[in-house]
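Chain by chain, the residues run as shown.
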Amino acid sequence: VSTAAKIARSHQKRPIQWAEVFDEFGATLDKSTIVHVWKLSTNITEVVENGYDCLVNVGYVADSWYLDNLDVTWAQAYASDPRATVPPHLQTKVLGGHGEMWGETVDGSD
């Protein structure tokens, strides 16, 4: 993880690390790191309070951005604000969210 982050920074890029990296190393990560919060147990507010920017998509919940979560309508997904649980003065640290999809769940009905 550390080596990959150094390589990214050597190319003037910011590394994006999964929540597990923040959960393990906390505020010792280089502040250029973007934390990808994807699980409910990672506290988004703690991430941004420690000075990190983050991307958010948290699990298969009612407003999930997982594209293979077929229980969520497009209207629900678009209405979801990834900054909703973050105090207003820290919301700029939430760069946004993203939709992902597990390929093994995709079939002709999708």
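For the structure, check the block above.
This one's a predicted model, so the numbers in the text were calculated from it and none came from an experiment.

Caption draft 1: Looking closely at the overall build of the protein. Of the regular secondary structure elements, the protein holds four helices and four strands. The N-to-C order of helical and strand elements in the protein reads α-β-α-β-α-β-α-β. Each of the three principal axes of the protein carries a C-alpha extent, and together these read 45 × 30 × 25 Å. The proportion of buried residues among the 110 residues of the protein is 37%. Long-range pairs, those at least 24 residues apart, make up 37% of the contacts in the protein between residues at least 6 apart in sequence. About 6,900 Å² of surface is accessible on the protein, with carbon and sulfur atoms providing 58% of the total.

Caption draft 2: Broad picture of the packing of aromatic side chains. Per the stated rule, a full pass over the model turns up two aromatic pairs. Judged by centre distance (6.1 Å) and plane angle (55°), the rings of Trp18 and Trp38 are tilted. One end of the pair, Trp18, is in strand β1 (residues 16–18); the other, Trp38, is in the loop between β2 (34–37) and α3 (44–49), and 20 residues separate them in sequence. On the basis of relative accessible area, Trp38 is assigned to the partly exposed category, the value being 25%. Plain terms: the ring middles of Phe22 and Tyr52 are 5.8 Å apart, the flat faces sit at 75° to each other, and that makes the pair edge-to-face. Separated by 30 residues along the polypeptide, Phe22 in helix α2 (residues 19–25) and Tyr52 in the loop between α3 and β3 (53–56) bring together distant segments of the chain.

Caption draft 3: The arrangement of the layout of surface pockets in detail. In this structure, the largest pocket spans a volume of roughly 270 Å³. Residue lining of the largest pocket: 18 residues in total, with Val56, Val58, Ser80, Asp81 and Pro82 positioned closest to the centre. Class assignment of the residues belonging to the lining of the largest pocket gives a composition of eight nonpolar, seven polar and three charged. One number sums up the size of the second largest pocket: a volume of about 230 Å³. Along the walls of the second largest pocket sit Ser64, Trp65, Tyr66, Leu67, Asn69, Leu70, Val72, Thr73, Trp74, Ala77, Tyr78 and Gly99, which together make up its complete lining. In terms of residue class, the lining of the second largest pocket is built from eight nonpolar, four polar and no charged.

Rules of the game
- Residues numbered from 1 in each chain as written.
- Predicted model: local features only at pLDDT ≥ 70, side-chain atom pairs only at ≥ 80, totals over all residues.
- Heavy atoms only, no water.
- Helix = DSSP H or I, 4+ residues; strand = E, 2+ residues; numbered from the N terminus.
- Buried < 20%, exposed > 50% of the residue type's maximum accessible area, 1.4 Å probe, protein only.
- Contact = heavy atoms within 4.5 Å.
- Areas by Shrake-Rupley, 256 points an atom, 1.4 Å probe, with all protein chains shown as cover.
- Phe/Tyr/Trp six-rings, centres within 6.5 Å; stacked < 30°, edge-to-face > 60°.
- 1 Å grid on protein atoms, 1.4 Å probe; cavity = no way out; pocket = protein on both sides within 12 Å on 5 of 7 lines; lining within 4 Å.
- Points joined across faces, edges and corners; volume = space filled by probe spheres on them.
- Nonpolar A, V, L, I, M, F, W, Y, C, P; charged D, E, K, R; others polar.

Remember that the coordinates give geometry; whether it matters functionally is a separate question.
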